[in-house]
Amino acid sequence: MCRFLERHSDQSWTPVLIRKYRVLIDLVTGDNYVYGMYDDGEIVRWNAREFLGREPIIPVQFSSHRLEIEISGVVTRRPSRYLIQSGSDFLMVIRDREVAIKSNYYSFNYNIVYQTNIFKIYKLDPKDKIWEETKDVGSVALFVGCNYSMSVSVSEFKCLRPNCIYFTDDEDNFWDKMTDFGGHDMGVYDIKSGEICRFYEGDDTRSSFCPPIGLFLTLENNG
């Protein structure tokens, strides 16, 4: 199976060969390498300088440790996963949602209702290259959602909460079906306590996509 990547300075796409029946779900860059994560937590990497646009890139295995996630006593086979580089650490964020179907017997109408209820965070051990669960990511805030996830230092942005996850609604599996509409599943998750502060508690959103969230970030002046 093949995927294609491109840098801003490239004039053409570079093919990346991945294993058959596997899904490469997230990418980060660091130390002149591009790191990719399969849907079971396995990490592969390749040299960032290999973007030549001609020969296919064949990723090399970086960590073979695969993770079967158990949340609330139920094995979640395909949870949402995000790969984040936070300083020198590689973090894998697991997001689990509650999904319920509300049906009307007489009209044959139904609504699919979903809501994030828990996150789990794993740090890649640099020596053994295995995932270890953690409830402390330090004085950073993690941002997860569509296309890109990142770590931000709260010492530079005092309005952010440390050891928390800011998340947007990226559940696209139900956007083309009868749902309570997208764009509602947004908030901040406290990693230590497990509490969620939701940005939106209403039921009148009519967007199929997550609307933008405005955070007024002010750089701390240490001068």
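See above for the structure.
Not measured: the values here are computed from a predicted model. (Residues numbered from 1 in each chain as written. Predicted model: local features only at pLDDT ≥ 70, side-chain atom pairs only at ≥ 80, totals over all residues. Heavy atoms only, no water.)

## Here's the deal with unusual backbone geometry
Most peptide bonds take the trans form, and the phi angle of most residues other than glycine is negative. To keep it simple, the criterion reads: Here a helix means four or more residues in a row that DSSP labels H or I, a strand means two or more in a row labelled E, and each is numbered from the N terminus. Under the scheme applied here, a residue whose accessible area is under 20% of the maximum for its type counts as buried, over 50% as exposed, and between as partly exposed, the area being computed with a 1.4 Å probe on protein chains only.
Positioned with a positive phi, K129 is a non-glycine residue whose angle comes to about 55°. In this structure, K129 sits in the loop between β11 (109-124) and β12 (131-134). Accessibility expressed as a relative area gives 29% for K129, which makes it partly exposed. For N163, which is not a glycine, the phi torsion comes out positive at approximately 55°. Among the structural elements, N163 can be located in the loop between β14 (150-153) and β15 (164-167). With a relative accessible area of 11%, N163 lands in the buried category.

## Topic: the nonpolar core
Stated formally: To qualify as a nonpolar core, a set must consist of buried Ala, Val, Leu, Ile, Met, Phe, Trp, Tyr and Cys residues joined through side-chain atoms within 4.5 Å. Contacts are residue-level and defined by heavy atoms, with any inter-residue pair within 4.5 Å sufficient.
Among the nonpolar cores identified, the biggest contains 14 residues, and V93, F119, I121, V137, L142, V144 and I165 are the most heavily contacted of them. Only β9 (80-86), β10 (89-104), β11, β13 (140-144) and β15 provide two or more residues apiece to this core. With three residues, the single largest contributor to this core is β13. Every residue in contact with I121, bar those within four places of it in the chain, is listed here: L91, M92, V93, E132, E133, T134, V137, I165 and I191.

## Looking at the sheet that holds β15
What counts, and what does not: In this description, strands pair whenever DSSP reports at least two bridges between them. Fitted lines through C-alpha atoms serve as axes, helices being fitted only where they are in contact, and the angles separating the N-to-C directions of these axes extend from 0 to 180 degrees.
Ordered in space as β14-β13-β15-β16-β17, the five strands form an open sheet in which the pairing is mixed. The strands lining the two open edges of the sheet, one partner per strand, are β14 and β17 (196-198). The mean inter-strand angle of the sheet, taken between neighbouring strand axes irrespective of direction, is 20°. Across three bridges, the pairing between strand β16 (residues 187-190) and β17 is antiparallel. Bridged to G187 within β17 is R198.

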